[in-house]
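Examining the three-dimensional arrangement
Here's the letter readout for the chains.
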Amino acid sequence: MMKDNVARLTEARTRLAHQAPDPTTVIAGSLMTRMIRCNKPGCRYCAGKGKGHGPIWILSVSAGPGRVRQIPVPAHLKQDVEDGVRRYADMQKWLKQISQLNVDLLEERKKR
Ligand SMILES: [Zn+2]
């Protein structure tokens, strides 16, 4: 006989909870590239329709309602930042899965 749904969902939730991603290095932000202008007179990269210097990597993080901090990321730290941003997304995905199980559990419990 099949296990009842509450027991099945509770087990799935326990299993998932034990698979928590490591939160140590999470970064809630996004990584992007941008060209920058040095504003030095006569710079051949910036003058006229020049594209400027770069591209450089920028970490964009929320700094309160409607505010964004943009932090230049040196090349040697880019991989770490990229990993942190991905880790944050993994964490969110994991939390959503647990939340979904809890919503399903709520529906099952209401049937009893
Ligand atoms: Zn320039």
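For the structure itself, consult the block above.
Notes on the structure follow. Not measured: the values here are computed from a predicted model.

The rules behind each value
Residue numbers here run from 1 along each chain, matching the order of that chain's written sequence. Per-residue local features are limited, in this predicted model, to residues with pLDDT of at least 70; the limit for side-chain atom pairs, both in listing and counting, is 80 or more; totals at the level of whole chains, interfaces and linings are taken over all residues. Remark: hydrogens and water are excluded; side-chain values derive from all non-hydrogen atoms of the structure. What makes two strands pair is DSSP finding at least two bridges between them. Secondary structure is summarised from DSSP: a helix means a run of H or I of at least four residues, a strand means a run of E of at least two, and numbering begins at the N terminus for each. Lines fitted to the C-alpha atoms define the axes, with helices restricted to the stretch that makes contact. Angles between their N-to-C directions range from 0 to 180 degrees. Here the term buried applies to any residue with accessible area under 20% of the maximum for its type, exposed to any over 50%, and partly exposed to those in between, with areas from a 1.4 Å probe on protein chains only. Only heavy atoms matter for contacts: two residues are in contact if any of them lie within 4.5 Å across the pair. We call an atom a donor if it is N, O or S and sits within 2.8 Å of the metal, or 3.2 Å for Na, K and Ca. Water is not counted, so some sites may look partial. For four-coordinate sites, all angles between 85 and 135 degrees define a tetrahedron; for four- and six-coordinate sites, opposite donors beyond 155 degrees with the remaining angles between 65 and 115 define square planar and octahedral shapes respectively, and all other cases count as irregular.

1. Things to note about the sheet that holds strand β2 (residues 53-62)
Strand order in the open sheet formed by three strands is β1-β2-β3, and the pairing between neighbours is antiparallel. Only two strands of the sheet have a single neighbouring strand rather than two, namely β1 (29-36) and β3 (68-73). Direction aside, neighbouring strands of the sheet carry axes that sit 35 degrees apart on average. Strand direction decides the pairing type here: β2 and β3, joined by six bridges, are antiparallel. In the strand pairing of β3, Ile58 is matched with Pro72.

2. Here we look at unusual backbone geometry
It is generally the case that most residues other than glycine have a negative phi and that most peptide bonds are trans. For the bond running from Gly54 to Pro55, omega is 5 degrees, close enough to zero to count as cis. Mapped onto the secondary structure, Pro55 falls in strand β2. For Asn39, which is not glycine, the phi dihedral falls at a positive 60 degrees. Looking at the element boundaries, Asn39 is found in the loop between β1 and β2. Taking relative accessible area as the criterion, Asn39 reaches 68% and is therefore assigned exposed.

3. Looking at the environment of Arg87
Turning to its location among the elements, Arg87 is positioned in helix α2 (residues 75-110). Residue classification places Arg87 among the partly exposed positions, given a relative accessible area of 28%. Taking the C-alpha atoms as reference points, Arg87 and Arg37, 50 residues apart in sequence, are found 32 Å from one another. Ignoring anything within four residues of it in the chain, the contact list for Arg87 reads Pro21, Asp22, Thr25 and Val26.

4. Here we look at the coordination of the zinc ion
Looking at the metal site, the zinc ion is ligated by Cys38 (SG), Cys43 (SG), Cys46 (SG) and His53 (NE2), spaced 2.0 to 2.3 Å from it. Around the zinc ion sit four donor atoms, and with donor-metal-donor angles ranging over 101 to 118 degrees the site reads as tetrahedral. On the primary sequence, the residues serving as donors to the zinc ion are separated as C-x4-C-x2-C-x6-H. Taken together, the residues Cys43 in the loop between β1 and β2 and His53 in strand β2 connect sequence positions 10 residues apart. Note on His53: relative accessible area 26%, which makes it partly exposed.

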